[in-house]
Amino acid sequence: MKNSYDIAIIGSGAVGSSIAYHLSETKQKDILVIDKGFPLAGTSGSTQAWVWVHPKTPSWYGELNMYSAELYPILEKKIGDVEYRRTGGIAPFFSESDRKDALKLAEAQAEAGINIDVLSRKEVLEKEPALSPNIAGATFSQLDGNVNPFRLVELYIKAAKKNDVTFSFYNRVHDIQKRKDTFTIHTEKGEFAAKQLILAGGPWTKELGNMINITIPVKQVRGQILVTEPLAPLLKHTIGGIRQANNGEILIGYSKEEVGYDRRTDLDVIHDTANMAVQYVPDLAKANVVRCFSGIRVMPEDGLPIIGNLPGLENAFIASMHSGITLSPIVGTLMSELIFDGETSIDIQNYDIQRFEKMKA
Ligand SMILES: Cc1cc2nc3c(=O)[nH]c(=O)nc-3n(C[C@H](O)[C@H](O)[C@H](O)COP(=O)(O)OP(=O)(O)OC[C@H]3O[C@@H](n4cnc5c(N)ncnc54)[C@H](O)[C@@H]3O)c2cc1C
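Given the structure is predicted, the values throughout are model-derived calculations rather than measurements.

Re the domain arrangement of the protein chain
- In terms of domains, the protein chain is made up of domain 1 (4-47 + 150-217 + 302-360) and domain 2 (218-300).
- One C-alpha centre belongs to domain 1, the other to domain 2; they are set 28 Å apart.
- Contacts between the two partners involve 22 residues from domain 1 and, on the opposite side, 14 residues from domain 2.
- Of the roughly 1300 Å² buried between domain 1 and domain 2 on both sides combined, carbon and sulfur atoms contribute 59%.
- Considering only the surface of domain 1 that becomes buried against domain 2, Ser46, Pro203 and His322 emerge as the three largest contributors, covering 39% of it.
- Here domain 1 is connected to domain 2 by zero salt bridges.
- At the junction of domain 1 and domain 2, the tally comes to ten residue pairs in polar contact (both at pLDDT 80 or more).
- Breaking the side of domain 1 that touches domain 2 down by element, the ones donating at least two residues are helix 6 (205-211) and helix 9 (355-360).
- For the side of domain 1 that touches domain 2, the class distribution of residues is ten nonpolar, eight polar and four charged.

Things to note about the packing of helix 1 (residues 14-24) against helix 5 (residues 149-162)
- Relative to each other, helix 1 and helix 5 sit at 30 degrees, their axes nearing to 9 Å. The angle between helix 1 and helix 5 falls in the class roughly parallel. For the pair helix 1 and helix 5, the sense of crossing is left-handed. Only Leu152, Val153, Tyr156, Ile157, Ala159 and Ala160 of helix 5 make contact with helix 1, whose side of the interface consists of Ala14, Ser17, Ser18, Ala20, Tyr21, His22 and Ser24.
- Taken together, the residues of the contact of helix 1 with helix 5 break down into nine nonpolar, four polar and no charged.

Some remarks on helix 2 (residues 59-79)
- A rise of 1.5 Å per residue sets the reference length of helix 2, with its 21 residues, at 30 Å; its end C-alpha atoms lie 30 Å apart and thus fit the reference within 8%.
- Bending of helix 2 peaks at approximately 35 degrees at the position of Pro73.
- Contact partners of the buried residues in helix 2: helix 1, strand 3 (50-51), helix 3 (98-110), helix 5 and helix 8 (324-341).
- One or two residues past the end of helix 2 sits Gly80, with phi positive at roughly 115 degrees.

Some details on the side chain of Asn148
- Locating Asn148 in the fold gives a position in the loop between strand 7 (145-146) and helix 5.
- The buried category is assigned to Asn148, whose relative accessible area is 18%.
- Within the local environment of Asn148, its side chain forms a polar contact with the side chain of Glu83, the two groups lying 3.1 Å apart.

So, how was this worked out
- For every chain, the first residue of the written sequence is number 1, and numbering continues from 1 onward in sequence order.
- The model is predicted, so local features are restricted to residues of pLDDT at least 70 and side-chain atom pairs to those at 80 or more, both for listing and for counting; the totals for chains, interfaces and linings are taken over all residues.
- Note: side-chain values were computed over all heavy atoms of the structure, leaving out hydrogens and water.
- For the purposes of this description, domain bounds are those given by an automatic or database domain assignment.
- Contact definition: two residues touch when any of their heavy atoms are within 4.5 Å.
- When two parts are brought into contact, each loses some accessible area as probed by a 1.4 Å sphere; the total of that loss over both is the buried area.
- A pairing counts as a salt bridge when a side-chain nitrogen of Lys or Arg comes within 4 Å of a carboxyl oxygen of Asp or Glu.
- Side-chain atoms alone can form a polar contact between residues adjacent in sequence; in general such a contact is a pair of N or O atoms within 3.5 Å, and within protein one must be able to donate a hydrogen while the other accepts it.
- In DSSP terms, a helix is any run of H or I states spanning at least four residues, a strand is any run of E spanning at least two, and both are numbered starting from the N terminus.
- For this classification, Asp, Glu, Lys and Arg are treated as charged, while Ala, Val, Leu, Ile, Met, Phe, Trp, Tyr, Cys and Pro are nonpolar and the rest, including Gly, are polar.
- To get an axis, a line is fitted to the C-alpha atoms, and for a helix only the part in contact is used. The angle between two axes follows their N-to-C directions and goes from 0 to 180 degrees.
- Oblique is the label for every angle not falling under 35 degrees (roughly parallel), over 145 degrees (roughly antiparallel), or within 65 to 115 degrees (roughly perpendicular).
- Working rule for handedness: look at the near helix, and if it is turned counterclockwise from the far one by less than a right angle, call the crossing left-handed; if clockwise, right-handed.
- To estimate the expected span of a helix, subtract one from its residue number and multiply by 1.5 Å.
- Here the bend at each residue means the angle between axes fitted to two seven-residue stretches, the one ending at that residue and the one beginning there.
- A simple rule labels every residue: compare its accessible area, found with a 1.4 Å probe on the protein chains alone, to the largest value its type can have, and call it buried under 20%, exposed over 50%, or partly exposed in between.

In structure tokens form, the structure reads like this:
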């Protein structure tokens, strides 16, 4: 293995591996990806993996998610079947008073080209008969869906390897220095030099930032997910909180807890999550839950992605975000444009890390 590269990417989850793949398409750069674990050891291996667009606000952020969802079918043509399914997405509400907010959302998102229908109870139940008759209505968009995150990351890596990207797994980065125009990355398996550096460390990006004296304003937010036994087809759509995977398992949950990197699961949240599931889909009361897992969301302090250059450090970049499964195709595309052309086809000013400084001022 060489020890000098054009670009080093730290992190091989859905974000880092997408960037590696998109950058490698032209085969013009020598690229190294370093990961302290295996590719799905981080958040990308413990996610719901909805490709979720319609409720994302502000609408310019929803628009970015929509563009990414639009890229999935093209991505599949290039890297193979990642089990992307555009199921359409339903976000139910339980009180008539929520209808006003749903209509406001539909109006705001329409300006960004995101089509949302605000459905009555009858219309929702016609679309998704398994949902509870207690719901008052729902927002619906054909743009939403889901994907298999394991296949996604595996196929990005396979395609990137074909394009000569080097991967170094089980190799923790413990320090990064910059001298003149070269980054030296100190890892458990030795030192690597690179001209450009991309931080894609998911929830650990904050620690990577500390190594180069830059504060990355992200929090860690744990989410616990219940998984049922494989069931006969029950849900046709991706529902806010619940989805049925291709193998019949139903993944349930959207709990949020700020407990650092603690990935344990606990009975209280399992209980609440199971109750939520039955409230949405009464038939789930009969399903057996066969496992429960948790993942750590990387949550920028304002909830929006951090994408772009790192201030004061030429040739250093960051891609850190929640919704990294939905956004993975677009983020890989934009990072590749930024690095090759110095500009992006979509304005990414709103995602610049320097916005946090402006918020403080
Ligand atoms: C419960 C839950 C549900 C979610 N649901 C959805 C959803 O439905 N839709 C959606 O779009 N998103 C969802 N997300 C968010 C999404 O999963 C993440 O945004 C995405 O997986 C982040 O990918 P990533 O590549 O940035 O991070 P990761 O997958 O965590 O990858 C980062 C990698 O960096 C490596 N790394 C870190 N530090 C170092 C170091 N010092 N040295 C070397 N390697 C290092 C790690 O080992 C890791 O493999 C969910 C998240 C959770 C927790």
